[in-house]
Amino acid sequence: QFMVDKYGKDKIIHELWPDNFMAEQEQMISVLSKLAADPEVKAVIINQAVSGTNAAVDKFLEVRDKDDVLIVYASPQENPPDVASRADFILQPDEIGMGPAIAQQAHRQGAETLVHYSFPRHMSIVLLSQRRDLMKAEAEKLGMKFVDATAPDPTSESGTTGAQQFILEDVPKMVDKYGKDTAFFSTNCSMQVPLITASFEQGAIYPQPCCPSPYHGFPSALGLDVPDDIVGGLEDVIDQTTEILVDAGLDGRFSTWPVPAAMMSTIASTEYALKWIAGETDGKVDQKALEQCMADYAQIDISLNPYVEGDTTYDNYYLFLMDFLTFGDLPQ
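Quick summary incoming for the structure in this document. Just so we're clear, the structure is a prediction, and the values are computed from it rather than from any experiment.

**Focus on the side chain of T241**
Mapped onto the secondary structure, T241 falls in helix α11 (residues 234–247). Classification of T241 by relative accessible area gives buried; the value is 0%. Ignoring anything within four residues of it in the chain, the contact list for T241 reads F218, L222, L224 and F327.

**Examining the packing of helix α5 (residues 95–108) against helix α7 (residues 126–141)**
Between α5 and α7, whose axes approach to 7 Å, the crossing angle comes to 30°. By the angle class used here, α5 and α7 are roughly parallel. The chirality of how α5 crosses α7 is right-handed. Of α7, the residues touching α5 (which contributes E95, I96, M98, G99, P100, I102, A103 and Q104) are L127, L128, Q130, R131, L134, M135, E138 and A139.

**Brief notes about helix α13 (residues 287–298)**
Between its first and last C-alpha, α13 extends 16 Å over 12 residues, near the 16 Å set by a 1.5 Å rise per residue. Among the residues making up α13, those that are buried are A289, L290, E291, C293, M294, A295, Y297 and A298. Its buried side turned inward, α13 meets β3 (89–93), α12 (261–277) and β9 (312–320). Immediately downstream of α13, the backbone of Q299 shows phi near 65°, a positive value.

Basis of the calculations
- Residues numbered from 1 in each chain as written.
- Predicted model: local features only at pLDDT ≥ 70, side-chain atom pairs only at ≥ 80, totals over all residues.
- Heavy atoms only, no water.
- Helix = DSSP H or I, 4+ residues; strand = E, 2+ residues; numbered from the N terminus.
- Buried < 20%, exposed > 50% of the residue type's maximum accessible area, 1.4 Å probe, protein only.
- Contact = heavy atoms within 4.5 Å.
- Axes fitted to C-alpha atoms, helices over the stretch in contact; angles between N-to-C directions.
- Parallel < 35°, antiparallel > 145°, perpendicular 65-115°, else oblique.
- Left-handed = near helix turned anticlockwise from the far one by under 90°.
- Expected span 1.5 Å × (residues − 1).

In short, geometric facts, not functional conclusions.
Okay, here's the thing in C-alpha coordinates:
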(Lines give C-alpha, C1' and ligand atoms only; values in the text may rest on other atoms or scores of the structure.)
Protein backbone atom coordinates (compact mmCIF):
# COMPACT_ATOMS: atom_id res chain seq x y z
CA GLN A 1 0.00 0.00 0.00
CA PHE A 2 2.90 2.32 0.79
CA MET A 3 4.41 1.67 -2.64
CA VAL A 4 1.01 2.23 -4.30
CA ASP A 5 0.80 5.59 -2.51
CA LYS A 6 4.36 6.45 -3.57
CA TYR A 7 4.20 5.45 -7.24
CA GLY A 8 0.49 5.30 -8.04
CA LYS A 9 -1.88 2.56 -9.16
CA ASP A 10 -0.69 2.88 -12.74
CA LYS A 11 2.70 1.49 -11.67
CA ILE A 12 1.93 -0.73 -8.67
CA ILE A 13 -0.76 -3.43 -8.46
CA HIS A 14 -1.57 -4.62 -4.93
CA GLU A 15 -3.15 -8.07 -4.69
CA LEU A 16 -3.89 -10.24 -1.64
CA TRP A 17 -3.39 -13.94 -0.99
CA PRO A 18 -6.34 -15.70 0.68
CA ASP A 19 -6.05 -15.88 4.48
CA ASN A 20 -6.75 -19.61 4.50
CA PHE A 21 -4.22 -20.28 1.76
CA MET A 22 -3.82 -23.99 2.57
CA ALA A 23 -7.45 -24.60 1.57
CA GLU A 24 -7.73 -21.94 -1.16
CA GLN A 25 -4.77 -22.52 -3.43
CA GLU A 26 -6.96 -22.25 -6.53
CA GLN A 27 -7.53 -18.62 -5.53
CA MET A 28 -3.76 -18.10 -5.41
CA ILE A 29 -3.49 -19.48 -8.94
CA SER A 30 -6.30 -17.15 -10.00
CA VAL A 31 -4.48 -14.09 -8.59
CA LEU A 32 -1.29 -14.81 -10.53
CA SER A 33 -3.13 -15.89 -13.67
CA LYS A 34 -4.84 -12.50 -13.77
CA LEU A 35 -1.47 -10.75 -13.45
CA ALA A 36 0.05 -12.98 -16.15
CA ALA A 37 -2.66 -11.86 -18.58
CA ASP A 38 -1.52 -8.24 -18.24
CA PRO A 39 1.53 -7.72 -20.51
CA GLU A 40 2.46 -4.53 -18.63
CA VAL A 41 3.23 -6.55 -15.49
CA LYS A 42 7.03 -6.87 -15.53
CA ALA A 43 7.70 -7.86 -11.90
CA VAL A 44 5.88 -9.91 -9.27
CA ILE A 45 6.85 -9.60 -5.59
CA ILE A 46 5.28 -12.21 -3.32
CA ASN A 47 5.41 -11.62 0.44
CA GLN A 48 4.93 -14.07 2.07
CA ALA A 49 5.53 -16.83 -0.45
CA VAL A 50 3.33 -19.23 1.50
CA SER A 51 2.60 -22.86 0.65
CA GLY A 52 1.02 -23.02 -2.80
CA THR A 53 3.06 -20.16 -4.24
CA ASN A 54 5.10 -22.46 -6.50
CA ALA A 55 1.99 -23.89 -8.14
CA ALA A 56 0.61 -20.38 -8.72
CA VAL A 57 3.92 -19.22 -10.22
CA ASP A 58 3.99 -22.28 -12.50
CA LYS A 59 0.61 -21.19 -13.91
CA PHE A 60 1.93 -17.65 -14.31
CA LEU A 61 4.92 -18.95 -16.28
CA GLU A 62 2.70 -20.95 -18.60
CA VAL A 63 1.64 -17.59 -20.00
CA ARG A 64 4.73 -15.41 -19.49
CA ASP A 65 8.39 -15.80 -20.49
CA LYS A 66 10.48 -16.01 -17.30
CA ASP A 67 13.24 -13.87 -18.86
CA ASP A 68 10.81 -10.98 -19.29
CA VAL A 69 9.45 -10.88 -15.73
CA LEU A 70 11.25 -10.42 -12.41
CA ILE A 71 9.87 -12.83 -9.80
CA VAL A 72 10.70 -12.21 -6.12
CA TYR A 73 9.80 -14.40 -3.16
CA ALA A 74 9.93 -13.14 0.43
CA SER A 75 9.97 -15.63 3.31
CA PRO A 76 9.00 -18.73 1.29
CA GLN A 77 7.42 -21.73 3.00
CA GLU A 78 8.23 -24.35 0.37
CA ASN A 79 11.44 -26.32 -0.16
CA PRO A 80 14.59 -24.30 -1.05
CA PRO A 81 15.37 -26.11 -4.34
CA ASP A 82 11.81 -25.56 -5.58
CA VAL A 83 11.60 -21.87 -4.70
CA ALA A 84 15.14 -21.12 -5.94
CA SER A 85 14.30 -22.56 -9.37
CA ARG A 86 11.24 -20.34 -9.78
CA ALA A 87 12.13 -17.01 -8.13
CA ASP A 88 14.83 -14.77 -9.58
CA PHE A 89 15.80 -13.97 -6.02
CA ILE A 90 14.51 -14.70 -2.55
CA LEU A 91 14.71 -12.51 0.56
CA GLN A 92 14.34 -13.95 4.02
CA PRO A 93 15.48 -13.07 7.50
CA ASP A 94 18.27 -15.46 8.42
CA GLU A 95 16.10 -18.01 10.19
CA ILE A 96 19.14 -20.22 10.81
CA GLY A 97 21.12 -17.36 12.34
CA MET A 98 18.06 -16.38 14.37
CA GLY A 99 18.14 -19.67 16.27
CA PRO A 100 21.28 -18.93 18.31
CA ALA A 101 20.60 -15.16 18.22
CA ILE A 102 17.17 -15.45 19.89
CA ALA A 103 18.54 -17.74 22.60
CA GLN A 104 21.46 -15.35 23.22
CA GLN A 105 19.12 -12.34 23.41
CA ALA A 106 16.76 -14.15 25.81
CA HIS A 107 19.77 -15.00 27.99
CA ARG A 108 20.89 -11.34 27.98
CA GLN A 109 17.35 -10.40 29.04
CA GLY A 110 17.61 -12.66 32.07
CA ALA A 111 15.73 -15.73 30.84
CA GLU A 112 16.17 -19.03 32.62
CA THR A 113 13.69 -20.86 30.36
CA LEU A 114 12.93 -20.45 26.64
CA VAL A 115 9.56 -21.65 25.33
CA HIS A 116 9.21 -22.30 21.58
CA TYR A 117 5.60 -22.51 20.28
CA SER A 118 4.97 -24.09 16.88
CA PHE A 119 3.00 -26.88 15.13
CA PRO A 120 3.77 -29.71 12.68
CA ARG A 121 3.11 -27.73 9.46
CA HIS A 122 5.69 -25.10 10.39
CA MET A 123 8.14 -27.71 11.68
CA SER A 124 8.00 -29.36 8.24
CA ILE A 125 9.58 -26.17 6.82
CA VAL A 126 13.32 -26.86 6.69
CA LEU A 127 14.55 -23.44 7.84
CA LEU A 128 12.09 -23.24 10.75
CA SER A 129 12.90 -26.70 12.08
CA GLN A 130 16.65 -26.03 11.77
CA ARG A 131 16.19 -22.72 13.59
CA ARG A 132 14.36 -24.51 16.42
CA ASP A 133 17.14 -27.09 16.75
CA LEU A 134 19.85 -24.40 16.85
CA MET A 135 17.83 -22.33 19.33
CA LYS A 136 17.50 -25.34 21.61
CA ALA A 137 21.22 -26.18 21.39
CA GLU A 138 22.24 -22.57 22.14
CA ALA A 139 19.76 -22.26 25.01
CA GLU A 140 21.09 -25.41 26.65
CA LYS A 141 24.67 -24.26 26.05
CA LEU A 142 23.84 -21.03 27.92
CA GLY A 143 22.28 -22.96 30.81
CA MET A 144 18.62 -22.25 29.96
CA LYS A 145 15.87 -24.84 29.89
CA PHE A 146 14.30 -25.21 26.43
CA VAL A 147 10.61 -26.10 26.18
CA ASP A 148 9.34 -27.34 22.80
CA ALA A 149 5.61 -26.53 23.00
CA THR A 150 3.00 -27.49 20.41
CA ALA A 151 0.21 -24.99 19.69
CA PRO A 152 -2.82 -25.39 17.40
CA ASP A 153 -2.22 -24.61 13.72
CA PRO A 154 -4.23 -21.45 12.83
CA THR A 155 -5.11 -23.04 9.45
CA SER A 156 -6.59 -26.11 11.18
CA GLU A 157 -10.16 -26.65 12.39
CA SER A 158 -9.71 -24.50 15.51
CA GLY A 159 -8.70 -21.57 13.29
CA THR A 160 -6.83 -18.41 14.22
CA THR A 161 -9.14 -17.69 17.14
CA GLY A 162 -8.49 -21.08 18.70
CA ALA A 163 -4.72 -20.72 18.28
CA GLN A 164 -4.74 -17.27 19.84
CA GLN A 165 -6.89 -18.39 22.75
CA PHE A 166 -4.50 -21.27 23.39
CA ILE A 167 -1.56 -18.85 23.67
CA LEU A 168 -3.45 -16.55 26.05
CA GLU A 169 -4.26 -19.52 28.30
CA ASP A 170 -0.96 -21.39 28.05
CA VAL A 171 1.52 -18.59 28.76
CA PRO A 172 0.27 -18.07 32.36
CA LYS A 173 0.57 -21.85 32.91
CA MET A 174 4.15 -21.77 31.66
CA VAL A 175 4.99 -18.82 33.92
CA ASP A 176 3.41 -20.61 36.90
CA LYS A 177 5.59 -23.63 36.12
CA TYR A 178 8.89 -21.97 35.19
CA GLY A 179 8.69 -18.46 36.68
CA LYS A 180 8.67 -14.93 35.27
CA ASP A 181 12.15 -15.30 33.81
CA THR A 182 10.67 -17.33 30.96
CA ALA A 183 11.13 -16.14 27.38
CA PHE A 184 8.50 -16.91 24.74
CA PHE A 185 8.82 -17.31 20.98
CA SER A 186 6.28 -18.46 18.39
CA THR A 187 6.79 -19.29 14.71
CA ASN A 188 3.36 -17.96 13.68
CA CYS A 189 2.33 -14.38 12.85
CA SER A 190 -1.22 -14.61 14.20
CA MET A 191 0.07 -15.71 17.61
CA GLN A 192 2.25 -12.64 18.19
CA VAL A 193 -0.44 -10.32 19.60
CA PRO A 194 -1.67 -12.80 22.23
CA LEU A 195 1.93 -13.81 23.00
CA ILE A 196 2.96 -10.19 23.63
CA THR A 197 -0.25 -9.55 25.59
CA ALA A 198 0.21 -12.59 27.82
CA SER A 199 3.96 -12.00 28.28
CA PHE A 200 3.24 -8.38 29.24
CA GLU A 201 0.54 -9.36 31.73
CA GLN A 202 2.73 -12.08 33.26
CA GLY A 203 5.90 -9.96 33.36
CA ALA A 204 7.71 -12.51 31.21
CA ILE A 205 10.34 -12.08 28.44
CA TYR A 206 9.74 -11.69 24.70
CA PRO A 207 12.92 -11.65 22.54
CA GLN A 208 11.30 -11.02 19.15
CA PRO A 209 8.30 -11.72 16.90
CA CYS A 210 8.58 -14.45 14.25
CA CYS A 211 8.86 -11.71 11.60
CA PRO A 212 10.89 -9.16 13.57
CA SER A 213 9.50 -5.63 13.45
CA PRO A 214 8.45 -2.86 15.85
CA TYR A 215 5.03 -3.10 14.15
CA HIS A 216 4.55 -6.85 14.48
CA GLY A 217 2.18 -7.46 17.37
CA PHE A 218 3.26 -4.57 19.60
CA PRO A 219 0.74 -1.89 18.49
CA SER A 220 -2.31 -4.14 18.93
CA ALA A 221 -1.10 -5.83 22.09
CA LEU A 222 -0.07 -2.60 23.83
CA GLY A 223 -2.73 -0.26 22.41
CA LEU A 224 -0.35 2.06 20.57
CA ASP A 225 -1.36 5.00 18.39
CA VAL A 226 -0.11 3.95 14.95
CA PRO A 227 0.76 6.87 12.65
CA ASP A 228 -0.82 7.12 9.21
CA ASP A 229 2.69 7.15 7.75
CA ILE A 230 3.83 3.74 8.99
CA VAL A 231 7.21 4.13 7.30
CA GLY A 232 8.08 7.62 8.53
CA GLY A 233 6.39 7.10 11.90
CA LEU A 234 8.51 4.13 12.97
CA GLU A 235 10.47 6.02 15.66
CA ASP A 236 7.23 7.23 17.23
CA VAL A 237 6.00 3.65 17.55
CA ILE A 238 9.33 2.57 19.07
CA ASP A 239 9.16 5.44 21.60
CA GLN A 240 5.58 4.58 22.58
CA THR A 241 6.45 0.90 23.02
CA THR A 242 9.49 1.70 25.15
CA GLU A 243 7.51 4.05 27.41
CA ILE A 244 4.73 1.53 28.03
CA LEU A 245 7.11 -1.33 28.79
CA VAL A 246 9.44 0.68 31.02
CA ASP A 247 6.48 2.18 32.93
CA ALA A 248 5.21 -1.38 33.52
CA GLY A 249 8.56 -2.37 35.06
CA LEU A 250 9.52 -4.49 32.04
CA ASP A 251 12.66 -2.57 31.18
CA GLY A 252 14.79 -4.67 28.80
CA ARG A 253 12.46 -7.68 28.76
CA PHE A 254 10.97 -7.10 25.28
CA SER A 255 12.87 -6.68 22.02
CA THR A 256 12.63 -6.95 18.23
CA TRP A 257 14.56 -5.77 15.15
CA PRO A 258 14.91 -1.99 14.59
CA VAL A 259 13.04 -2.04 11.26
CA PRO A 260 10.24 -4.29 9.95
CA ALA A 261 11.91 -7.15 8.10
CA ALA A 262 8.86 -8.03 6.01
CA MET A 263 8.12 -4.40 5.13
CA MET A 264 11.74 -3.90 4.11
CA SER A 265 11.56 -6.94 1.81
CA THR A 266 8.51 -5.57 -0.01
CA ILE A 267 9.71 -1.97 -0.27
CA ALA A 268 13.30 -2.79 -1.25
CA SER A 269 12.17 -5.40 -3.78
CA THR A 270 9.76 -2.93 -5.35
CA GLU A 271 12.43 -0.24 -5.63
CA TYR A 272 14.80 -2.81 -7.10
CA ALA A 273 12.18 -4.04 -9.57
CA LEU A 274 11.62 -0.50 -10.83
CA LYS A 275 15.38 -0.12 -11.33
CA TRP A 276 15.53 -3.45 -13.18
CA ILE A 277 12.61 -2.47 -15.43
CA ALA A 278 14.42 0.81 -16.19
CA GLY A 279 17.64 -1.06 -17.03
CA GLU A 280 19.52 0.37 -14.04
CA THR A 281 20.76 -2.93 -12.56
CA ASP A 282 23.48 -5.34 -13.61
CA GLY A 283 21.12 -8.03 -14.85
CA LYS A 284 18.21 -9.55 -13.00
CA VAL A 285 20.10 -10.32 -9.81
CA ASP A 286 22.39 -7.45 -8.84
CA GLN A 287 23.26 -8.08 -5.19
CA LYS A 288 24.93 -4.72 -4.60
CA ALA A 289 21.96 -2.80 -6.02
CA LEU A 290 19.58 -4.89 -3.91
CA GLU A 291 21.61 -4.34 -0.73
CA GLN A 292 21.55 -0.60 -1.45
CA CYS A 293 17.75 -0.63 -1.84
CA MET A 294 17.47 -2.37 1.54
CA ALA A 295 19.95 -0.01 3.19
CA ASP A 296 18.08 3.02 1.81
CA TYR A 297 14.98 1.83 3.66
CA ALA A 298 16.60 0.55 6.86
CA GLN A 299 19.07 3.44 7.21
CA ILE A 300 21.68 0.89 8.26
CA ASP A 301 24.00 -1.26 6.17
CA ILE A 302 22.43 -4.55 5.10
CA SER A 303 24.51 -7.50 3.93
CA LEU A 304 22.99 -10.48 2.15
CA ASN A 305 24.37 -14.00 2.45
CA PRO A 306 23.39 -16.98 0.29
CA TYR A 307 21.49 -19.84 1.89
CA VAL A 308 23.63 -22.97 2.22
CA GLU A 309 22.04 -26.39 2.69
CA GLY A 310 24.54 -29.20 3.01
CA ASP A 311 26.81 -29.06 -0.03
CA THR A 312 24.40 -26.81 -1.96
CA THR A 313 24.69 -23.02 -2.05
CA TYR A 314 21.68 -21.13 -3.41
CA ASP A 315 23.20 -17.99 -4.90
CA ASN A 316 19.80 -16.31 -5.41
CA TYR A 317 18.41 -17.19 -1.95
CA TYR A 318 19.46 -14.27 0.27
CA LEU A 319 19.39 -14.28 4.07
CA PHE A 320 19.78 -11.20 6.28
CA LEU A 321 20.18 -10.64 10.01
CA MET A 322 20.10 -7.52 12.22
CA ASP A 323 21.05 -6.58 15.77
CA PHE A 324 18.25 -6.39 18.33
CA LEU A 325 16.35 -3.28 19.37
CA THR A 326 15.72 -3.72 23.10
CA PHE A 327 12.95 -1.63 24.66
CA GLY A 328 14.73 -0.14 27.67
CA ASP A 329 18.05 -1.26 29.12
CA LEU A 330 19.19 -4.86 29.37
CA PRO A 331 19.91 -6.09 32.92
CA GLN A 332 23.52 -5.65 34.04
